[in-house]
Amino acid sequence: MGAKRKKSEGEELLNEGEKENDKNNENISKKMKKEILPSMIKNKEKRSAVHAKLKHQKKVEKRKKLKARDAAEKRALELGEEPPARMTPRTIENTREPDETVCRPDDDELFAGNDADEFSSILKQGCAPKILITTCRFNSSRGPAFISELLSVIPNSHYYKRGTYDLKKIIEYAKKKDFTSIIVVHTNRREPDALLIIGLPDGPTAHFKLSKLVLRKDIKNHGNPTGHIPELVLNNFATRLGHRVGRLIQSLFPQSPEFRGRRVVTFHNQRDFIFFRHHRYIFETKESKGSDANGKKAKDAKSEKTSQQKVITRLQECGPRFTLKLVSLQHGTFDTKGGEFEWVHKPEMDTSRRRFFL
Amino acid sequence: MQHDEVIWQVIRHNHCSFMAKIETGKFCRNPYNVTGICNRSSCPLANSRYATIRDHDGVFYLYMKTIERAHQPNQLWERVKLPRNYEKALEIIDKNLMYWPKFLVHKTKQRLTKMTQMRIRMRKLALKTREKIMTTPRKEKKREARREEKAEKAAVLDKSIEKELLERLKKGVYGDIYNYPADKYNEILDKEQLAADDIEEDEEEAEIEFVEGYDDLEEEEDIEDFGGLAVNKSSLDDDDVGLDDNDDEETVAVDHKRVRRESSLALRKLGNDEGGTKPKKKARVLVEILMEDRRQSTESVRGVFASFRDCEQVHRQSQEFLLSLIDRVATC
């Protein structure tokens, strides 16, 4: 009896505790029962059938959601209210690891640094940059073609054959002849492989890995560049390091672009890859609604917003196309043994997919 | 007992692990071999009296083997350090191998010569810079290629370039080269209309002057049609921003009138060129306008670009680039 009572008491206590647990367990078990993964079924036919069904279900759900969203937006627009906020997709750029070296617009230190760095003399005073292009000791196949295209892209650039001179000797020679930077195109296995940009007189040395080179003749409908000084577009150089690299690239080009030439050279940084493009552009007006807004009619109707006149740009690609990736940035001119490296790429930096340095 | 013949027969005809046979001949890989060729007289195993030269860390040693120590393989090879000086080394070889067969002495001396030459060349090369080949593991190369593809797709390059150019157009970086957006265009038109009316009422002499100038401009324009002077005028386009807005209302009004009749981009360009060709006459005025304009535009960004006040013309470009950079930062 006592034992029974104890049991019953114990049971009651347990029961109370267990009830909740039971509920949880039931829920969990129910869930478990519902969600048998297709991979747990051993029979192939049955497994594929279940998998297909699951997929179809998911698709249907997604479509339903989308329709509901669209309907909600439409309704809101009709009513005159604001449509519900659009969800932004999650991208790698959105979820980038926060970096404390990102440049902020109110950073005085950055501008002070800019004034004091090696490029300020070229970028401010506007002394024209003079570029020396050369190669590694063995040059073959696509190398010379690439170099001739580089010569057309970068104004005021000269090509000299490498010979067997030491790079340090070449730097001295260039300093004497008043060059502002040296570009060395390195070839490996008959393909241009790396780019070394050395600023002078004591500018930094940036070593880039070159890939995906497409020459002008291989681009369909390519345009031919003129001799005008091009515009520069540098996108997404966010961190301090990126800013520095951006300024290095900027110092290769003269600072007074000729807008009439309608030439634009773009260095676009995305996830630490710098994409180089060279286009000729033209602005065109595209009328989506209503009449022409030019001329006399515009004079009469001041606030004419019904005729939506969009201005669009059209681009024609000319010149080579390639991507660069920074391998190392060294303070001072080329000196691998004694130089101070500001940034070196190490394989352990690649471990996170959301961490970028430029 | 040392039976060289027997050893040679066994080695040569059966198997010697040091022999390397290639199409040009048979070579001996034994480190103690003087000539490097697999021969009866050059085999260090099949000759009980043998001498050779070996180098260790750039120092040459003369190694000698005699039949008296043949039963003590541990102490078989006797070595003598040779001096750096080539002639002295030769003398020492002569001294040590005095009554040895001529063949061995000759070959040893040859080997010494060869090795000194090699040593000199290696030292010279070490001074020069040599390219070092760094290899990356294949896994990393593939990973980089994959990431590059995805980055390129994420970059949407054409769109981003077009967007950037349109932004620059809206900001007015290009000045007067292209059409203004319609609203601003209208505003300015109206402003100039009013201003032109005012001036016409006040000064008639000014009108007369202006008319003459207009005729000249027309001729100049024709010349420009034939000549490719557009390129040179680009630097003066910056002046045009000031021109259009303030003092030269008369010429500008005329330009706008002409444009209204034949609204085309090209004429507009040339119209601006005409304005640009007259800087000398009104140089002082132009500069003042520029200064005023710049101050107005810089005041808005004064807080940020305090350091760039000095030389406006040159700094304008860097301003633009920095603005675009900062825009990028803001959006990132």
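Under the annotation held in an unreviewed UniProt entry, chain B carries the name Protein MAK16-like and is attributed to Citrus sinensis.

Taking an unreviewed UniProt entry as the reference, chain A is identified by name as Brix domain-containing protein belonging to Citrus sinensis.

Describing the overall build of chain B
From N to C terminus, chain B includes 12 helices and 5 strands. Looking at chain B as a whole, 38% of its 332 residues qualify as buried. Of the roughly 21300 Å² of accessible surface on chain B, a fraction of 53% belongs to carbon and sulfur atoms.

Focus: the packing of helix H2 (residues 86–96) of chain B against helix H3 (residues 102–127) of chain B
Residue and element names in this part refer to chain B. Contact geometry of H2 with H3 gives a least axis separation of 11 Å together with a crossing angle of 160°. Classified by the angle their axes make, H2 and H3 are roughly antiparallel. Between H2 and H3 the crossing geometry is right-handed. Judged by residue contacts, Tyr86, Ala89, Leu90, Ile93 and Asp94 of H2 engage Val105, Lys109, Leu112, Thr113 and Thr116 from H3. Looking at the contact of H2 with H3, its residues break down into 6 nonpolar, 2 polar and 2 charged.

Points about helix H6 (residues 167–176) of chain A
All names here are of chain A. Listing the buried residues of H6 in full gives Leu167, Ile170, Ile171 and Ala174. All buried residues of H6 lie within an arc of 105° about the axis, which places them on one face of the element. Along H6, exposed side chains directed more than 90 degrees from the buried face belong to Lys169, Glu172 and Lys176. Packing partners of the buried residues in H6 comprise strand E1 (131–135), strand E3 (181–188) and strand E4 (191–199). Asp178, located one to two residues past H6, shows a positive phi value of around 65°.

A closer look at the packing of aromatic side chains
By the definition in use, this model includes 11 aromatic pairs over all chains. The interplanar angle of 50° and the centroid separation of 5.5 Å between the aromatic rings of Trp343(A) and Phe357(A) together place this pair among those described as tilted. Here Trp343(A), found in strand E11 (residues 340–344), pairs with Phe357(A), found in the segment after E11; they are 14 residues apart in sequence, far enough to count as distant. Members of the aromatic cluster, each reached through a chain of ring pairs, are Phe146(A), Phe253(A), Phe267(A), Phe276(A) and Phe322(A). Positioned above the aromatic ring of Trp100(B) is the side chain of Arg49(B), whose terminal nitrogen or guanidinium carbon lies 5.5 Å from the ring centre.

Focus: the packing of helix H3 (residues 108–116) of chain A against helix H7 (residues 240–250) of chain A
All names here are of chain A. It is the contact of H3 with H7, at a shortest axis distance of 12 Å, that shows an interaxial angle of 30°. Seen along the crossing, H3 lies across H7 with a hand that is right-handed. Counting all contacts with H3, which are made through Glu109, Leu110 and Asn114, the residues of H7 involved are Arg240, His243 and Arg247.

As for the environment of Glu97(A)
All names here are of chain A. Relative to the helices and strands, Glu97 resides in the loop between helix H2 (44–79) and H3. We classify Glu97 as partly exposed; its relative accessible area is 34%. Remark: the alpha-carbon pair of Glu97 and Ser352, spanning 255 residues in sequence, is separated by 8.9 Å. Excluding residues that lie within four positions of it along the chain, Glu97 makes contacts with Ser352, Arg354 and Arg355.

Here is what the cut-offs are and how they apply
- Residues numbered from 1 in each chain as written.
- Chains lettered and ligands numbered in written order.
- Predicted model: local features only at pLDDT ≥ 70, side-chain atom pairs only at ≥ 80, totals over all residues.
- Heavy atoms only, no water.
- Helix = DSSP H or I, 4+ residues; strand = E, 2+ residues; numbered from the N terminus.
- Buried < 20%, exposed > 50% of the residue type's maximum accessible area, 1.4 Å probe, protein only.
- Areas by Shrake-Rupley, 256 points an atom, 1.4 Å probe, with all protein chains shown as cover.
- Axes fitted to C-alpha atoms, helices over the stretch in contact; angles between N-to-C directions.
- Parallel < 35°, antiparallel > 145°, perpendicular 65-115°, else oblique.
- Left-handed = near helix turned anticlockwise from the far one by under 90°.
- Contact = heavy atoms within 4.5 Å.
- Nonpolar A, V, L, I, M, F, W, Y, C, P; charged D, E, K, R; others polar.
- Arc of directions from axis to C-beta.
- Phe/Tyr/Trp six-rings, centres within 6.5 Å; stacked < 30°, edge-to-face > 60°.
- Lys NZ or Arg CZ within 6 Å of the ring centre and 35° of its normal.

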